[in-house]
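Coordinate analysis (summary)
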Amino acid sequence: MPKGLTASTGMDALTHAIEGYTTKAAWEMTDMFHLKAIEIIARSLRSAVANEKEGREGMALGEYIAGMGFSNVGLGIAHSMAHTLGAVYDTPHGIANAMLLPTVMRFNGADSATAQRFREILCEIGRPDAAHLNDQDVINTFVWMISELSKKVGITQTIKDYGAKEEDFEMLADKAMEDPCKPGNPREVTKEDFIELYRRAM
């Protein structure tokens with residue numbers, strides 16, 4: 001695949017793994033899949049975008065393992081919002097997820113149980129100090145790492161770059177409220193929350 005498609009599908013797989021690890025239905029078996037997928041994708045995506053054999057092989061494995069996990073437990077509202085951007089603006093799905101994931105992570109991280117899940121992920125991917133960070137520092141660290149990875153593989157950071165308009169937010173929120181991924185989100189979300197999340201992602 002070309003660089004852009006490699007980057008966007010890779011970030012989609014990373015979103016699968018992160019949302020799968022934090023979804024309401026997560027359990028021991030899927031946790032095993034998702035943690036391993038996050039570890040592999042985090043170390044392989046940049047190499048895959050550079051078209052290196054090791055990175056390509058790592059991403060093939062990481063994406064497959066993430067699929068084994070989330071197909072059992074579902075996803076969350078990053079996907080609800082990304083599906084809507086794809087339907088309305090034809091935003092490529094992986095790019096939509098990459099742009100929305102940091103904003104959604106901050107929203108979900110306000111739930112202490114989800115912040116703890118983020119802490120567990122950080123400890124698994126080379127940040128053992130996360131065990132001693134407070135919740136807000138955990139969220140800031142993890143969001144920064146995800147945003148930096150996205151930038152390094154060349155993905156734009158704001159939904160306005162793909163045509164999102166503030167006057168559409170209510171319509172987008174209505175669609176996101178009906179998305180089948182919404183019920184699995186670890187934090188309850190209202191239409192007003194969706195409007196605000198789209199606004200933050202601008």
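Here's what I pulled together on the structure shown here.

**So, unusual backbone geometry**
- The phi torsion at Asn51 lies on the positive side, around 65°, for a residue other than glycine.
- Along the chain, Asn51 turns up in the loop between helix H2 (28-49) and helix H3 (53-73).
- Although it is not a glycine, Asp90 sits at a positive phi angle of roughly 60°.
- Checked against the element boundaries, Asp90 lands in the loop between helix H4 (77-89) and helix H5 (93-109).
- Given a relative accessible area of 66%, Asp90 falls into the exposed group.

**A look at the packing of H2 against H3**
- Packing of H2 against H3 brings their axes to within 7 Å, and their N-to-C directions diverge by 150°. Taken together, the axes of H2 and H3 are roughly antiparallel relative to one another. Judged by the twist between their axes, the crossing of H2 over H3 is left-handed.
- For the contact of H2 with H3, the per-class residue count stands at 14 nonpolar, nine polar and four charged.

**Things to note about the packing of aromatic side chains**
- For the coordinates displayed, the defined rule picks out two aromatic pairs.
- With a centroid separation of 5.4 Å and an interplanar angle of 70°, the aromatic rings of Phe118 and Phe142 are classed as edge-to-face. Here Phe118, found in helix H6 (residues 112-124), pairs with Phe142, found in helix H7 (residues 135-152); they are 24 residues apart in sequence, far enough to count as distant.
- The exposure class of Phe142 is buried, given its relative accessible area of 1%.

**Points about the pattern of salt bridges**
- Scanning all chains against the criterion turns up 14 salt bridges.
- Notably, a salt bridge pairs Glu188 with Lys24, separated by 2.6 Å at the nearest N-O pair. Remark: Lys24 occurs in the loop between helix H1 (3-22) and H2 and Glu188 occurs in the loop between helix H8 (169-177) and helix H9 (191-201); sequence separation between them is 164 residues.
- Judged by its relative accessible area of 48%, Lys24 falls in the partly exposed class.
- The shortest N-O distance in the salt bridge between Lys36 and Glu39 comes to 3.4 Å. Taken together, the positions of Lys36 and Glu39, both in helix H2 and three residues apart, correspond to about one turn of that helix.

**Description of the environment of Glu124**
- Relative to the helices and strands, Glu124 resides in helix H6.
- Under the relative-accessibility criterion, Glu124 is labelled partly exposed at 45%.
- For the pair Glu124 and Leu35, spaced 89 residues apart in sequence, the C-alpha separation works out to 7.2 Å.

**Comments concerning the layout of surface pockets**
- The computed volume of the largest pocket comes to approximately 240 Å³.
- What lines the largest pocket is a set of 13 residues, and nearest its centre among them are Ala42, Arg46, Met145, Ile146 and Leu149.
- Considering each element in turn, the lining of the largest pocket owes the most residues, seven residues, to H7.
- A breakdown of the residues in the lining of the largest pocket according to their chemical character gives nine nonpolar, no polar and four charged.

**Considering the environment of Ala7**
- Tracing the backbone through its elements, the reader meets Ala7 in helix H1.
- The sequence separation of Ala7 and Ala60 amounts to 53 residues, and the corresponding C-alpha distance is 13 Å.
- Discounting chain neighbours no more than four positions away, the residues touching Ala7 are Leu45, Val49, Val153 and Ile155.

**Focus on H2**
- The terminal C-alpha atoms of H2, which comprises 22 residues, lie 31 Å apart, in line with the 32 Å expected from a rise of 1.5 Å per residue.
- A positive backbone phi angle near 65° is found at Asn51, which sits one or two residues after H2.

About the criteria used
Residues numbered from 1 in each chain as written. Predicted model: local features only at pLDDT ≥ 70, side-chain atom pairs only at ≥ 80, totals over all residues. Heavy atoms only, no water. Helix = DSSP H or I, 4+ residues; strand = E, 2+ residues; numbered from the N terminus. Buried < 20%, exposed > 50% of the residue type's maximum accessible area, 1.4 Å probe, protein only. Axes fitted to C-alpha atoms, helices over the stretch in contact; angles between N-to-C directions. Parallel < 35°, antiparallel > 145°, perpendicular 65-115°, else oblique. Left-handed = near helix turned anticlockwise from the far one by under 90°. Nonpolar A, V, L, I, M, F, W, Y, C, P; charged D, E, K, R; others polar. Phe/Tyr/Trp six-rings, centres within 6.5 Å; stacked < 30°, edge-to-face > 60°. Salt bridge = Lys/Arg side-chain N within 4 Å of Asp/Glu carboxyl O. 1 Å grid on protein atoms, 1.4 Å probe; cavity = no way out; pocket = protein on both sides within 12 Å on 5 of 7 lines; lining within 4 Å. Points joined across faces, edges and corners; volume = space filled by probe spheres on them. Contact = heavy atoms within 4.5 Å. Expected span 1.5 Å × (residues − 1).

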